[in-house]
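Tertiary structure, described
Listed below are the residues making up each chain.
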Amino acid sequence: MKRYIALIVVLALGVGYFVSRKTFAPQTVVKEPIKIEELLKMPSGWSQVDDKDVNLKFEKKVDKGLKPQIVLKVTQSVEASAPAKYTDRLLAGAKSAVPSLRLTGDMRNSLEKYYSAFVTATYVNKGQKINLIQRIYIKENTVNTLTASYTGDLAVEINQILDNLVKEKISL
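Bear in mind that the values here come from a model prediction, so they are computed numbers and not experimental data. Residue positions are counted from 1 within each chain, in the order its sequence is given. In keeping with the model being predicted, local features are shown solely for residues with a pLDDT of at least 70 and side-chain atom pairs are shown and tallied solely at 80 or more, while totals for entire chains, interfaces and linings include all residues. Side-chain metrics in this entry use all non-hydrogen atoms of the structure; hydrogen atoms and water are not considered.

**What to know about the pattern of salt bridges**
- For this document, the term salt bridge refers to a Lys or Arg side-chain nitrogen within 4 Å of an Asp or Glu carboxyl oxygen. Considering all chains together, one arrives at seven salt bridges under this definition.
- Ionic pairing is found between Asp163 and Arg135, a salt bridge with its closest N-O pair at 2.8 Å. Here Asp163 is found in helix α4 (residues 155-169), whereas its partner Arg135 is found in strand β6 (residues 128-139), with 28 residues between them in sequence.
- Only protein chains enter the accessibility calculation, which uses a 1.4 Å probe. A residue is then buried if its area is under 20% of the maximum for its type, exposed if over 50%, and partly exposed in between. Note on Asp163: relative accessible area 40%, which makes it partly exposed.
- The exposure class assigned to Arg135 is buried, which follows from its relative accessible area of 5%.
- When salt bridges that share partners are traced, they join Asp88, Asp106 and Arg108 into one network. Comment: elements are numbered from the N terminus, with helices defined as DSSP H or I runs of at least four residues and strands as E runs of at least two.

See below:
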């Protein structure tokens, strides 16, 4: 009988040892990467779209019509060292490529660290008016161009997304 009690005590100690080892072992926490839509606090319906020609691209899901889009493109240009002239050339190129393009706003600011241009425009495509918001940030030879195209009344929503993109993805 003493033998069985000793065996049960040894088994209980062995089980207790293995249970305590697993309980007190350091646990590895696996963090899932934050989706960019969450990082940018995107409103519902917006999602990232893969496009090898740009750095980031987002589209809003719509039932019909043109999908609103936001694109970030980062380029390097020695011509950007004269940012006002560079921006003028970009706008002139856009006007020549899209004859119906009409600028509705052009605000520029030259700070010590960077140059910025906020441009709004419209153009007509197949009889439909398309709105554009473009933000250009130039720091030394790096040009960050954010472009949004949409129909309807999404300017407030798009500007919030652009603000978050600038804050999270553009180092000025």
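Moving on, there is more to tell.
**Quick look at helix α3 (residues 83-97)**
- Given the number of residues in a helix, its expected span is that number minus one, multiplied by 1.5 Å. Its 15 residues give α3 an end-to-end C-alpha distance of 21 Å, which sits within 8% of 21 Å, the value for a rise of 1.5 Å per residue.
- Taken residue by residue, α3 has Pro83, Tyr86, Thr87 and Leu91 as its buried positions. Projected onto a plane normal to the axis of α3, the buried residues spread over an arc of 135 degrees and lie on a single side. α3 presents Lys85 and Ser96 as exposed residues on the side facing more than 90 degrees away from its buried surface. The reported arc concerns the directions from the helix axis to the C-beta atoms and nothing else.

**Thoughts on the side chain of Thr122**
- Relative to the helices and strands, Thr122 resides in strand β5 (residues 115-125).
- For Thr122, a relative accessible area of 15% gives the class buried.
- Throughout, a contact is declared for two residues whenever any of their heavy atoms are within 4.5 Å. Those residues in contact with Thr122 that lie beyond four places of it in its chain are Ser100, Leu101, Arg102, Thr104, Lys129, Ile130 and Asn131.

**Some thoughts on the sheet that holds strand β2 (residues 56-60)**
- Any two strands between which DSSP finds at least two bridges are classified as paired. Overall, antiparallel pairing links the seven strands, which are arranged β1-β2-β3-β7-β6-β5-β4 in an open sheet. Both outer strands of the open sheet, β1 (46-48) and β4 (102-110), are each paired with one neighbouring strand and no more. The sheet shows a mean angle of 15 degrees between the axes of neighbouring strands, direction not considered.
- Relative to β6, β5 is paired through 11 bridges, and the arrangement is antiparallel. Looking across to β6, one finds that Val124 is bridged to Lys129.
- For helices, the fitted line uses only the C-alpha atoms of the stretch in contact; every axis is such a line through C-alpha atoms, and the angle between N-to-C directions lies from 0 to 180 degrees. Sitting on the sheet, α3 touches β3 (69-76), β4, β5, β6 and β7 (142-150), and the angle it makes with β4 is about 165 degrees.
- Lying on the sheet, α4 is in contact with β1, β2, β3, β6 and β7; it crosses β6 at an angle near 20 degrees.

All quantities given are derived from atomic positions and should not be read as evidence of function.
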